[in-house]
Amino acid sequence: MANVIIIGAQWGDEGKGKIVDLLTEHAEMVVRFQGGHNAGHTLVIGGKKYVLHLVPSGIVRPGKLCVIGNGVVLDPQAFLDELQALADLGVLVSGSNLKISALTNLIMPYHRELDLAREKRKGRGKIGTTGRGIGPAYEDKIARRGIRVDDLFNRQVFEDKLRENVAYHNFMLENFYQSPTFSFETMRDDYLRMGDALSPFMDDVVNILDEYAAAQRPILFEGAQGTMLDVDHGTYPFVTSSSTVAGGACTGTGVGPTRMSAVLAVVKAYTTRVGGGPFPTELTDSVGEHLASVGHEFGATTGRARRCGWFDMVVARHAARVNGITGLVVTKLDVLDGLKTVKVCVAYHRNGRRLDTMPANPAILDVCEPIYEEMPGWSESTAHARRFEDLPQAAQNYVRQLEHLSRLPVDILSVGPDREQTIVMKNPFQGA
Ligand code: IMP
């Protein structure tokens, strides 16, 4: 059995798309289990760039089945636009290489409007969401009034649910947020039309996954965002609204935990975060600028500049606990090339006390000071290394120290955006 979950162990943007693409070679199916088109997974293959938001990164590999699980929230317009963008790049997507769970909740135009209105109302305390309607769509799901993909194919059910939802959300938009409202008829017609376009993709995903798992056909579960953005275990309320941790791969697809064989956590060799919220190792000096410019730290979805800082081992150890991580993937090691020294935050200081674990109240993080361990940097380029031994000694030492401090093996190293710029020490699909 080789069913591997790939998650982000920081605040998202760890480079999961590239790693998913790399490991897809060894899987027969790639499954998205949470989030929506707030995600942005960038792949560079043979110099050609693909940016995916909703469609699993496995789609660029011919012969692989990609699945959007029930834990995802799906904006049909964004989905259809993405299919068009992929077609323009020569990637053909059809009902035979992509399935969408009938249970997947839909993002509606009022979700987007509510997302923007809430952020505006929060003012300076805003979360810094991607403005895609993700949070309000999950709210409706949990409130049991969400509209699911399946509903598009039963006109009466769809109309009844939509009428109720439009009335409810228009009331909130008009009276609480003083924001624009929506027409039931326009939305109904748009969504029924898009439903026709979605129909070849809709399927009973739970049974397909069960068949693959029972036949020992390897499955890769592709997480979006990162552990620190998890709605339970992240820096709440500065989080996204889904379960970004490994457990989300079970609830977001209908595959039980005993069927999973490995949890691979992707981390950058440093840390970034987009949006508001605590970030103890954030750097606002020239090193921060180095990381941002050399690392091209601008969001693939919103184009926003990312905040940058040193690697935070308290975060990594927290991620190890809540995900049951079996191995690390360290990406963007090459971005540290040329720095005189490199630092890792090993613990925090708060009111004169040392904290080795993530404080239960994330608000405390805001007042934590990082305690750093400093190591010599390296001047040589790591971009051409294809074996661990090819790396400069100081870069090897840095990676070994990450292993030592996290008590986790580094299974894969990435030294550039291209598929080729990767060092695989251990493949989670082999020997599982
Ligand atoms: P939302 O997911 O749009 O509701 O945004 C909530 C928080 O998650 C904000 O801080 C976003 O910047 C962050 N976020 C959402 N998706 C991503 C992502 O793919 N990468 C990094 N941050 C993200």
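What you are looking at is a predicted structure, and each value in this text was computed from that prediction instead of being measured.

J.: Explanation requested: the environment of Val 91 in the structure shown.
T.: Relative to the helices and strands, Val 91 is located in the loop between α2 (76–88) and β7 (98–101). On a C-alpha basis, the gap between Val 91 and Val 322 in space is 36 Å, while along the polypeptide they are 231 residues apart. Setting aside chain neighbours within four positions, we find Val 91 in contact with Tyr 50, Ile 59, Val 60 and Leu 86.

J.: Would you mind showing me how to read the side chain of Asn 97 here?
T.: Turning to its location among the elements, Asn 97 is positioned in the loop between α2 and β7. In this structure the side chain of Asn 97 is engaged in a polar contact, spanning 2.7 Å, whose partner is the backbone nitrogen of Ser 94.

J.: For this particular structure, what's the right way to read the pairing of strand β15 (residues 327–331)?
T.: Regular strands place side chains that alternate from one sheet face to the opposite one. Burial analysis of β15 places 5 of its 5 residues in the buried class, which makes it a mostly covered element. Residues Gly 327, Val 329 and Thr 331 line one face of β15 and the alternating positions Leu 328 and Val 330 line the opposite face, and both faces are buried. Bridge count between strand β11 (residues 262–268) and β15: 5 bridges; the pairing is parallel. Within β15, the position partnered with Ala 265 by the bridge is Leu 328. Two elements, β15 and strand β19 (residues 410–414), share 3 bridges in a ladder whose sense is parallel. Looking at β19, one finds that Val 330 is bridged to Leu 413.

J.: Looking at this model, I keep getting lost on the site of the ligand. Mind explaining?
T.: Close contacts around the ligand come from 16 residues, with Asp 13, Asn 38, Thr 130, Thr 240 and Arg 304 the closest. Between the ligand and Thr 240 there is a distance of 2.6 Å, counted from an oxygen atom to a side-chain nitrogen or oxygen. When the free accessible area of the ligand is taken as 470 Å², the share hidden by the protein chains comes to 97%.

J.: Just checking my understanding: could you explain the packing of aromatic side chains for this structure?
T.: The geometry of an aromatic ring pair is captured by two quantities: the separation of the ring centres and the angle between the planes. Counted under the stated rule, the structure contains 4 aromatic pairs. Here the aromatic rings of Trp 11 and Phe 279 are separated by 5.4 Å at their centres, their planes lie at 50 degrees, and the arrangement is tilted. Of this pair, Trp 11 sits in the loop between β1 (3–8) and α1 (16–24) while Phe 279 sits in the loop between β12 (271–273) and α9 (286–294), and the two are 268 residues apart along the sequence. Using a relative accessible area of 6% as the deciding quantity, one classes Phe 279 as buried. With centroids separated by 5.4 Å and ring planes inclined at 85 degrees, the aromatic side chains of Phe 79 and Phe 201 adopt a geometry described as edge-to-face.

J.: When you look at the pattern of salt bridges in this model, what are you seeing that I'm missing?
T.: Oppositely charged side chains are able to pair whenever their charged atoms sit close together. Applying the stated rule across the entire model yields 24 salt bridges. Between Arg 188 and Asp 189 there is a salt bridge; the shortest N-O distance is 3.0 Å. By relative accessible area, which is 17% here, Arg 188 ends up buried. By relative accessible area, which is 41% here, Asp 189 ends up partly exposed. Arg 193 is the salt-bridge partner of Asp 190, the closest N and O atoms lying 3.2 Å from each other. You can see Asp 190 and its partner Arg 193 sitting in helix α6 (residues 184–198), 3 residues apart, about one turn around the helix. Through salt bridges with shared partners, one network takes in Arg 155, Glu 159, Asp 160, Arg 163, Arg 188 and Asp 189.

J.: In this structure, what is going on with the nonpolar core? I would like to understand it.
T.: One broad rule of soluble globular proteins: the nonpolar side chains tend to lie buried together. Formed by 63 residues in total, the largest nonpolar core has its most connected members in Leu 333 and Tyr 398. For this core, the leading source of residues is helix α11 (residues 393–406), giving 6 residues. Shared between two domains, this core holds at least three residues of each, these being domain 1 (3–100 + 202–259) and domain 3 (266–424). Beyond its immediate chain neighbours, meaning those up to four positions away, Leu 333 contacts Ala 269, Trp 378, Thr 382, Leu 391, Ala 395, Tyr 398, Val 399, Leu 413, Ser 414 and Val 415. Counting residues in each nonpolar core, the second largest holds 55 residues, with Val 55, Leu 86, Leu 98 and Ala 117 among its members.

J.: Explanation requested: the domain arrangement of the protein chain in the structure shown.
T.: In many analyses, interface size is given as the accessible surface area lost on bringing the parts together. Once the domains are mapped, the protein chain shows domain 1 (3–100 + 202–259), domain 2 (105–198) and domain 3 (266–424). Put simply, the middle of domain 1 and the middle of domain 3, counted by C-alpha atoms, are 23 Å apart. In this complex, domain 1 contributes 38 residues to the contact, which on the side of domain 3 involves 36 residues. Both sides together, the interface formed by domain 1 and domain 3 hides about 2900 Å², and carbon and sulfur atoms give 61% of it. Among the residues domain 1 hides against domain 3, the three largest losses belong to Gln 10, Trp 11 and Lys 18. Together they make up 25% of the total. Taken together, the links from domain 1 to domain 3 amount to 19 residue pairs in polar contact (both at pLDDT 80 or more). Secondary structure elements with two or more residues in the side of domain 1 that touches domain 3: β1, α1 and β3 (41–45). Top contributing element to the side of domain 1 that touches domain 3 by residue count: α1, with 6 residues. Residue classes in the side of domain 1 that touches domain 3 are distributed as 17 nonpolar, 15 polar and 6 charged.

J.: Please explain the layout of surface pockets as it appears in this structure.
T.: Where empty space is left in the structure can be found by rolling a water-sized probe over the atoms. Quantified by volume, the second largest pocket comes out at close to 190 Å³. In this structure, the second largest pocket is lined by 13 residues; those nearest its centre are His 53, Ala 78, Asp 81, Glu 82 and Ala 85. Residue assignment for the lining of the second largest pocket shows that the elements contributing at least two residues are β4 (48–52) and α2. Ranked by the residues each element gives to the lining of the second largest pocket, the list is headed by α2, at 6 residues. Tallied by class, the residues present in the lining of the second largest pocket amount to 6 nonpolar, 3 polar and 4 charged.

Rules of the game
Residues numbered from 1 in each chain as written. Predicted model: local features only at pLDDT ≥ 70, side-chain atom pairs only at ≥ 80, totals over all residues. Heavy atoms only, no water. Helix = DSSP H or I, 4+ residues; strand = E, 2+ residues; numbered from the N terminus. Contact = heavy atoms within 4.5 Å. Polar contact = N/O pair within 3.5 Å; in protein donor to acceptor, adjacent residues only side chain to side chain. Buried < 20%, exposed > 50% of the residue type's maximum accessible area, 1.4 Å probe, protein only. Pairing = 2+ DSSP bridges. Near = heavy atom within 4 Å. Areas by Shrake-Rupley, 256 points an atom, 1.4 Å probe, with all protein chains shown as cover. Phe/Tyr/Trp six-rings, centres within 6.5 Å; stacked < 30°, edge-to-face > 60°. Salt bridge = Lys/Arg side-chain N within 4 Å of Asp/Glu carboxyl O. Core = buried A, V, L, I, M, F, W, Y, C linked by side-chain atoms within 4.5 Å. Domains from an automatic or database assignment. Buried area = accessible area lost by both parts, 1.4 Å probe. Nonpolar A, V, L, I, M, F, W, Y, C, P; charged D, E, K, R; others polar. 1 Å grid on protein atoms, 1.4 Å probe; cavity = no way out; pocket = protein on both sides within 12 Å on 5 of 7 lines; lining within 4 Å. Points joined across faces, edges and corners; volume = space filled by probe spheres on them.

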